[in-house]
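# Secondary and tertiary structure notes
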Amino acid sequence: MIEMSAERKILLIYTGGTIGSVHDPMTGSLVPIDFSQITRHVPELNRAGISIDSVSFQPPIDSSNVTPMHWRKIAGVVMKKHELYDGFVVLHGTDTMSYTASALSFMLEGLRKPVIITGSQLPIGMPRTDGRENLLSAVMLAAHPNPENPDSNRSQWGESTIQEVAVYFGNQLFRGNRTHKESAESLNAIISPNFPALVDAGVGFKFRKHNLYRAPKGALTLHDHFESKVAWFPIFPGMSFDVFERILDWDELRGVVLGTFGSGNIPDNKQFKNLLDLAQKRGVSIVNVTQCGHGGVVHERYATSLLLSDCGVISGGDMTTEAAIIKLMMLLGESDDLSLIRDHILKDLRGERTILE
Ligand code: ASP
């Protein structure tokens, strides 16, 4: 029999974004409002049988302004309050949601509680808002106890079903570091191109148990150093590789994510290959990620990618661009050891890439 005091406890971390915005009558643009006004729009939260506390960014921000400092703030709250709550819900703008989800997943090694990020395309006060459903379902999923492994030492209702950084959007829960913002228009704006949803939310929640991430044994450990001297370089037909040369002129450059064609192909261009060689000699880590919406890089499938491996370019596999950039920033922030960085890029650290047998 479950006593009333066995209520699940959730901490809401409000950072800003459209979900908590209203139209400024002076400018007509959307500006963030404070947290109490958000929950006023979702009275169902009080009837969910879940105890909810909240902390808020002061002031709340549009997610276009997010930097590693904000990731540290969010991860810092999770680290500090980890023992006190069954789960965490982060309210965040959609524009950079996938970057924050990737960052938090790499920062919180050994996480065994849900950190569910959500937001909305329409402000929570608007009649057709998607914010109410997103917020309510994110809270309910963060509070969902794992029926398969009750552990009374952690909480009276046992551990949580979700034990990773995830994103709830458009009736689905996704692994955070697999997500990408696909649409500036659709209410299903966030997708997970290379990994199935963890949960489908219909009349009930349908958990895809085999897809849920479980961290290897070990204590919760924070990784909070990010190297910003990293570039993202998508290629296109007819481009001048002088641009790449200029990027390499930056002495302090430590890493590049290449955005290549198809399964990781580049044009047969001597200048580009020489520059990639030069970058390798200078100790710049280069990761190859496809520009395609689905699938990933398979080096050596075509002759046009053969030379990339010779130049020391590291395959990003099926990682999203967001996950690859953030992973590279974190690895470079933690180490100067180029072979260790290469090794870790190729490994699956938090469920962010598929390892092909
Ligand atoms: N510009 C907003 C943000 O990312 C968009 C949104 O929340 O959907 O903060």
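Ordered in space as β15-β16-β17-β18, the four strands form an open sheet in which the pairing is parallel. Both edges of this open sheet fall to β15 (230-234) and β18 (314-315), since each of them pairs with a single strand only. Pairing geometry for β15 and strand β16 (residues 255-260), over five bridges, is parallel. Looking across to β16, one finds that A231 is bridged to V256.

Within this structure, the stated rule accounts for twelve salt bridges. Residues R132 and E44 are paired through a salt bridge, measuring 2.8 Å at the closest nitrogen-oxygen approach. Placement of the pair is R132 in helix α4 (residues 131-142) and E44 in the loop between α1 (35-40) and β4 (50-61), with a sequence separation of 88 residues. According to the relative accessible area criterion, R132 is partly exposed, its value standing at 30%. E44 gets classed as partly exposed once you look at its relative accessible area, which sits at 23%. For the salt bridge of D318 with R178, the shortest nitrogen-to-oxygen distance reads 3.2 Å. On the criterion of sequence distance, the pair formed by D318 in the loop between β18 and α8 (321-334) and R178 in the loop between β9 (172-175) and β10 (180-181) is long-range, its members being 140 residues apart. Judged by relative accessible area, D318 falls into the buried class, the value being 12%. Through salt bridges with shared partners, one network takes in E227, R254 and D336.

Bringing a negative patch on the surface into the picture now. Taken together, the side chains of D242, E245, D249 and D251 present a region of like negative charge at the surface. Structurally, the position occupied by D242 is in helix α5 (residues 242-248).

Before going further, it helps to examine the packing of helix α3 (residues 97-107) against α8. α8 packs onto α3 with a crossing angle of 40 degrees between their chain directions and a minimal axis gap of 9 Å. Comparing the axis directions of α3 and α8 gives the class oblique. The way α3 lies across α8 gives a crossing that is right-handed. Contacts between α3 and α8 involve S98, Y99, S102, A103 and F106 on the former and, on the latter, E322, A323, I325, I326, K327 and M330. Its residues assigned to classes, the contact of α3 with α8 shows seven nonpolar, two polar and two charged.

Moving on, we get to the packing of helix α2 (residues 68-81) against α3. Running from N to C, α2 and α3 cross one another at 55 degrees; their axes reach a closest spacing of 10 Å. For the element pair α2 / α3, the angle class is oblique. At the point where α2 passes α3, the crossing takes the right-handed sense. Of α3, the residues touching α2 (which contributes W71, R72, I74 and A75) are Y99, T100, A103, L104 and M107. For the contact of α2 with α3, the per-class residue count stands at seven nonpolar, one polar and one charged.

Taken as a whole and assessed by the stated rule, the structure comprises two cavities of 30 Å³ or more. In this structure, the largest cavity spans a volume of roughly 100 Å³. Along its surface, the largest cavity is lined by 15 residues, and S105, E164, V165, Y213 and R350 are the ones closest to its centre. Of all elements in the fold, only α3 and β6 (108-109) reach the threshold of two or more residues within the lining of the largest cavity. When its residues are assigned to classes, the lining of the largest cavity shows six nonpolar, five polar and four charged. Here the second largest cavity defines a volume of roughly 30 Å³. Residue lining of the second largest cavity: L276, Q280, V284, I286, C311, G312 and V313, and that is the complete set.

The ligand sits among G17, T18, D62, S63, G93, T94, D95, S120 and Q121. Between the ligand and T94, the relevant distance is 2.4 Å, taken from an oxygen atom to a side-chain nitrogen or oxygen of the residue. In this structure, an oxygen atom belonging to the ligand sits 3.3 Å away from a main-chain N or O atom of S120. For the ligand, the accessible surface in isolation is 270 Å², of which the surrounding protein chains cover 89%. Residue composition of the shell around the ligand, grouped by class: no nonpolar, seven polar and two charged.

Further remarks concern the sheet that holds strand β1 (residues 8-16). Across the sheet, which stays open at both edges, the eight strands sit in the order β4-β1-β5-β7-β8-β9-β12-β13 with mixed pairing between neighbours. Every other strand in the sheet has two partners, leaving β4 and β13 (205-207) as the edge strands with one partner each. When the angles between neighbouring strand axes are averaged without regard to direction, this sheet yields 20 degrees. Looking at chain direction, strand β8 (residues 165-169) and β9 are connected through four bridges and run antiparallel. Pairing of F169 across the sheet is with Q172, part of β9. Strands in contact with α2 are β1, β4, β5 (87-91) and β7 (115-118); relative to β1, the strand with the most contacts, it is inclined by about 165 degrees.

Scored by pLDDT, the chain has a mean of 92; 96% of the residues are at 70 or more. Across residues 1-5 the pLDDT falls below 50, and counting only partners more than four positions away or on other chains, this stretch makes two contacts in the model.

Calculation rules
- Here the residue numbering is sequential within each chain, running from 1 through the sequence in written order.
- For this predicted model, a pLDDT threshold of at least 70 governs which residues receive local features, and a threshold of 80 or more governs which side-chain atom pairs are given and counted, while totals over whole chains, interfaces and linings are taken from all residues.
- For the side-chain quantities, the full set of heavy atoms in the structure was used; hydrogens and water were omitted.
- Two strands qualify as a pair provided DSSP detects at least 2 bridges between them.
- Helix numbering and strand numbering both begin at the N terminus, where a helix is a DSSP run of H or I of at least 4 residues and a strand a DSSP run of E of at least 2.
- Throughout this description, the term salt bridge denotes a Lys or Arg side-chain nitrogen within 4 Å of a carboxyl oxygen of Asp or Glu.
- Burial here depends on accessible area, computed with a 1.4 Å probe over protein chains only, as a share of the maximum for the residue type. Under 20% is buried, over 50% is exposed, and the range in between is partly exposed.
- To count toward a patch, a residue needs a relative accessible area above 30% and no salt bridge. Like charges then connect within 9 Å, nonpolar side chains (Val, Leu, Ile, Met, Phe, Trp, Tyr) within 5 Å.
- Values of accessible area rely on a 1.4 Å probe in the Shrake-Rupley scheme; residue burial ignores everything except the protein chains shown.
- Positive residues here are Lys and Arg, negative ones are Asp and Glu, while His and the chain termini are left out of the count.
- The location of each charge is read from NZ of Lys, CZ of Arg, CG of Asp or CD of Glu.
- Working convention: axes come from line fits to C-alpha atoms, limited for helices to the stretch in contact. Angles between N-to-C directions cover 0 to 180 degrees.
- With respect to orientation, any angle under 35 degrees is reported as roughly parallel, any angle over 145 as roughly antiparallel, any angle of 65 to 115 as roughly perpendicular, and every other angle as oblique.
- Left-handed is the label given to a crossing in which the near helix is rotated counterclockwise from the far helix by less than a right angle, and right-handed is the label when the rotation is clockwise.
- We call two residues in contact when some of their heavy atoms are within 4.5 Å.
- Charged means Asp, Glu, Lys or Arg here, nonpolar means Ala, Val, Leu, Ile, Met, Phe, Trp, Tyr, Cys or Pro, and polar covers whatever is left, Gly included.
- With a 1 Å grid laid over protein atoms only, a set of points is called a cavity when a 1.4 Å probe fits there but cannot get out and a pocket when it is open yet has protein on both sides within 12 Å along at least five of seven lines; lining residues have an atom within 4 Å of a point.
- Grid points are joined across faces, edges and corners, and a volume is the space filled by probe spheres set on the points.
- Any residue with a heavy atom positioned within 4 Å of a molecule or strand is treated as near that molecule or strand.
- Any pair of N or O atoms that falls within 3.5 Å is considered a polar contact. Within protein, one atom must be able to donate a hydrogen and the other to accept it, and sequence-neighbouring residues count only if both atoms are side-chain atoms.
- The pLDDT score gives, residue by residue, the confidence of the prediction method on a 0 to 100 scale.

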